[in-house]
Amino acid sequence: MSSSIDILNDFSLRRTASRTQILDIFTKHKEALSENDLELRINGMCDRATIYRTLKTFTEKGILHKVIDENNIVKYALCDHSYCSEREHNHDHVHFKCQQCGKTICMNEIAIQHVKLPVGFKALEANFLVIGVCDQCNNA
């Protein structure tokens with residue numbers, strides 16, 4: 001896994017304290033996080049507007065992707081850069097939400113099958129959320 005500084009350099013982004021701290025959180029926590037999750041972990045280092053702008057920039061650049069859970073809460077997950085780049089943002093994989101611990105994780109190895117749409121329609125992204133009990137909670 002690349003360091004936060006390496007990721008910012010790879011995507012030609014300025015290395016600000018807030019960007020670095022937000023990326024550090026994502027690299028340390030393997031699950032998807034909401035804006036509120038980040039705000040709790042950021043310890044006042046930056047305000048909500050900075051978090052929002054940073055998430056928007058990271059999503060547009062292909063560093064993060066959005067995950068929408070069963071409550072329509074938008075969470076963000078670090079992209080697997082073997083699938084995503086600034087030019088092609090590919091995150092059509094299964095996401096898993098544990099009902100016990102609440103973590104939402106990417107399952108990059110499980111691709112969402114292509115859905116054939118009617119003529120004239122163009123898919124931009126697909127979301128597939130599996131809700132259940134993760135391996136850690138299941139073994140507890």
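Residues numbered from 1 in each chain as written. Predicted model: local features only at pLDDT ≥ 70, side-chain atom pairs only at ≥ 80, totals over all residues. Heavy atoms only, no water.

Looking at the secondary structure, you find Ser 34 in strand 1 (residues 33-34). Residue classification places Ser 34 among the buried residues on the basis of a relative accessible area of 9%. (Helix = DSSP H or I, 4+ residues; strand = E, 2+ residues; numbered from the N terminus. Buried < 20%, exposed > 50% of the residue type's maximum accessible area, 1.4 Å probe, protein only.)

Note: strand 2 (residues 64-68) against strand 3 (residues 74-78), five bridges, orientation antiparallel. If you follow Val 67 over to strand 3, its bridge partner there is Lys 75. The turn linking strand 2 back onto strand 3 is made up of five residues, and Asn 72 within it adopts a positive phi angle of 60 degrees. (Pairing = 2+ DSSP bridges.)

One open sheet holds the three strands; their spatial order is 1-3-2, and the pairing between them is antiparallel. Edge strands, defined here as strands with exactly one partner in the open sheet, are strand 1 and strand 2. Against the sheet, helix 4 (residues 48-61) makes contact with strand 2 and strand 3, and its axis sits at roughly 105 degrees relative to strand 2, the strand it touches most. (Contact = heavy atoms within 4.5 Å. Axes fitted to C-alpha atoms, helices over the stretch in contact; angles between N-to-C directions.)

By size, the foremost hydrophobic cluster in this structure holds 19 residues, and its most contacted members are Ile 22, Phe 26, Leu 38, Phe 58, Ile 63 and Leu 64. Secondary-structure elements contributing two or more residues to this core are helix 1 (4-10), helix 2 (17-28), helix 3 (35-42), helix 4 and strand 3. The biggest single contributor to this core is helix 2, with four residues. Setting aside anything within four residues of it in sequence, one finds Ile 22 in contact with Leu 38, Ile 42, Cys 46, Ile 51, Thr 54 and Phe 58. (Core = buried A, V, L, I, M, F, W, Y, C linked by side-chain atoms within 4.5 Å.)

Okay, the sheet that holds strand 5 (residues 104-111) next. Spatially, 5-4-6 is the arrangement adopted by the three strands of the open sheet, whose pairing is mixed. Only two strands of the sheet have a single neighbouring strand rather than two, namely strand 5 and strand 6 (128-132). Each strand axis lies, on average, 30 degrees off the axis of its neighbour in the sheet, ignoring direction. When strand 4 (residues 93-98) meets strand 5, the two strands line up antiparallel, connected through five bridges.

In this section: the pairing of strand 3. Of all the five residues making up strand 3, four are buried; the element is thus mostly covered by neighbouring parts of the structure. Pairing of strand 1 with strand 3, which is carried by two bridges, proceeds in the antiparallel orientation. The residue of strand 3 that forms the bridge with Leu 33 is Tyr 76.

Secondary-structure assignment places Ala 77 in strand 3. Judged by relative accessible area, Ala 77 falls into the buried class, the value being 3%. Between the C-alpha atom of Ala 77 and that of Lys 66, which follows or precedes it by eleven residues, the distance is 6.5 Å. With sequence-adjacent residues up to four places away left out, Ala 77 is seen in contact with Phe 26, Ala 32, Ile 63, Leu 64, His 65, Val 67 and Cys 106.

Moving on: the pattern of salt bridges. Using the criterion set out here, one finds six salt bridges in the structure. With its nearest N and O atoms 3.3 Å apart, the salt bridge here joins Lys 97 to Glu 70. Here the residue Lys 97 occupies a position in strand 4, and Glu 70 occupies one in the loop between strand 2 and strand 3, the gap between them amounting to 27 residues. Overall, Lys 97 belongs to the buried group, its relative accessible area being 9%. We classify Glu 70 as partly exposed; its relative accessible area is 39%. Each member of the salt-bridge network shares a partner with another, and the members are Asp 69, Glu 70, Lys 75 and Lys 97. (Salt bridge = Lys/Arg side-chain N within 4 Å of Asp/Glu carboxyl O.)

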